[in-house]
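# Secondary and tertiary structure notes
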Amino acid sequence: MKFTLTADALADAAAFASKGLSARPPVPVLSGLLIEAVPTGLRISGFDYEKSARTQVAAEVTEPGAALLQGKMFTDIIRKFGKKTVTIEVDDRKAILRAGTAEFNMRPMPVSEFPPMPALPAAVGKVDGDLFAAAVTQVIGAASTDDSIPVLKGVQLISEGADLIMRTTDRYRLAEVVIPWTPEDGDIDLLVRGSWLADVVKTLAGEATILATENIVGIRTGNRATTSLVIDGDFPKIKTLFPSASHTEVTVDRGQLADVLARVSLVAERNTPVRLTIEGAEMTVDAGTGEDAQGRETLPCELNGTDVQVAVNPGYLAWSLSVSPATETVLGFQENRGKPMLLSGHEGLRHLIMPVKL
């Protein structure tokens, strides 16, 4: 096999295909990228049984063929060539990578040992890639990182007609975002691996096609596609926890509250809350007690309802404020102040944060 193309184009394609590789592959061949040279260019694939990624890139193919090369090393080397033209020649014993005066050798792995790539699922709908990526960012931070509860590490991806909905929870906070999409064949209800989804959307642009079967979910953009096994389990019915209306609502400048929270949180000890006290047209944010360090700052707000005092995890609140594009944030409270605090303000985006007992 022998082919030539610019190193930056090859590095970009290899980096995408590497999304199908595991950081700790169970067998050596699963650390490899399958590179197939055909007359029209290259097909590059990565697969670790749970997820896959594949792409195509134009190249001048002198000798068609296939090779399996260690993915991380190959990608790192090619990336260092910058925009130079790179020629790669592979036989049974070694792969030679040349760019200018640079030459690197690698030992290929047996192509015959690489597992068959899974077939791409059927398309179920289309969505704007930039909008989808932003939506994932707005909910993924509320997904759990606890390996003992796999379903909470996932993102519930469901559709209702022209609405595509994502929900996450780690039991202490809940996130939901609704964006428009164009369905192709009925509604979907999937539990998607959060880590896979967060990684995939980093490279989305333009229109994205959602692919799905009962067991596999995928995303295709242009000549790139990636798939993942769905999580087997029942996601909590968190939809019912979002209130239809709030007894008290507090509207505040999102950026100003984020800045005040960042300053006051400096004196909050680890795992201790900050307090929000809303009286009339003022919100006071304070942290720290007794003889330890204390901080307090006041900012204007608009109160619709009764005065409120609530304690919350500062990290949870800071994340919610950081991922919302809204100019103003609306904090919603129920008559029972032990209920979660609702954060809204941007159409389609809602977060719930459990209060901390004072």
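No experiment lies behind these values; they were computed from the predicted model shown.

What counts and how
- Residues numbered from 1 in each chain as written.
- Predicted model: local features only at pLDDT ≥ 70, side-chain atom pairs only at ≥ 80, totals over all residues.
- Heavy atoms only, no water.
- Helix = DSSP H or I, 4+ residues; strand = E, 2+ residues; numbered from the N terminus.
- Polar contact = N/O pair within 3.5 Å; in protein donor to acceptor, adjacent residues only side chain to side chain.
- Contact = heavy atoms within 4.5 Å.
- 1 Å grid on protein atoms, 1.4 Å probe; cavity = no way out; pocket = protein on both sides within 12 Å on 5 of 7 lines; lining within 4 Å.
- Points joined across faces, edges and corners; volume = space filled by probe spheres on them.
- Nonpolar A, V, L, I, M, F, W, Y, C, P; charged D, E, K, R; others polar.

### Regarding the side chain of Ser144
Within the secondary structure, Ser144 sits in the loop between helix H3 (129-140) and strand E11 (154-160). A polar contact is formed between the side chain of Ser144 and the backbone nitrogen of Asp146, at a distance of 3.0 Å. Setting aside residues no more than four positions away along its own chain, Ser144 makes contact with Leu152, Lys153, Thr169 and Asp170.

### Let's talk about empty space enclosed by the protein
Using the criterion set out here, one finds 3 cavities of 30 Å³ or more in the structure. Each pocket or cavity is described by its volume, and for the largest cavity that value is around 80 Å³. Along the walls of the largest cavity sit Arg254, Ser320, Leu321, Ser324, Thr329, Leu343, Ser344, Gly345, Leu349, Arg350 and His351, which together make up its complete lining. Among the elements of the structure, helix H6 (314-323), strand E26 (341-344) and strand E27 (349-353) are those that each provide at least two residues to the lining of the largest cavity. With 3 residues, the single largest contributor to the lining of the largest cavity is E27. Grouping the constituent residues of the lining of the largest cavity by class yields 3 nonpolar, 6 polar and 2 charged. Computed from the structure, the second largest cavity encloses a volume of approximately 50 Å³. In terms of lining, the second largest cavity is formed by Val310, Gly332, Phe333, Gln334, Asn336, Arg337, Lys339, Pro340, Met341, Ile353 and Pro355. Grouping the constituent residues of the lining of the second largest cavity by class yields 6 nonpolar, 3 polar and 2 charged.

### A short note on the layout of surface pockets
Here the largest pocket defines a volume of roughly 670 Å³. Lining the largest pocket are 25 residues, and of these Glu50, Lys153, Arg193, Ser195 and Trp196 sit closest to its centre. Per-element accounting of the lining of the largest pocket gives the leading share, 4 residues, to helix H4 (residues 194-200). Considering only residue class, the lining of the largest pocket consists of 8 nonpolar, 7 polar and 10 charged. The volume enclosed by the second largest pocket comes to roughly 380 Å³. Lining of the second largest pocket is provided by 20 residues; of these, Gln156, Asp189, Gly233, Asp234 and Phe235 occupy positions nearest its centre. Among the secondary structure elements, those contributing two or more residues to the lining of the second largest pocket are E11 and strand E15 (189-193). Grouping the constituent residues of the lining of the second largest pocket by class yields 8 nonpolar, 5 polar and 7 charged.

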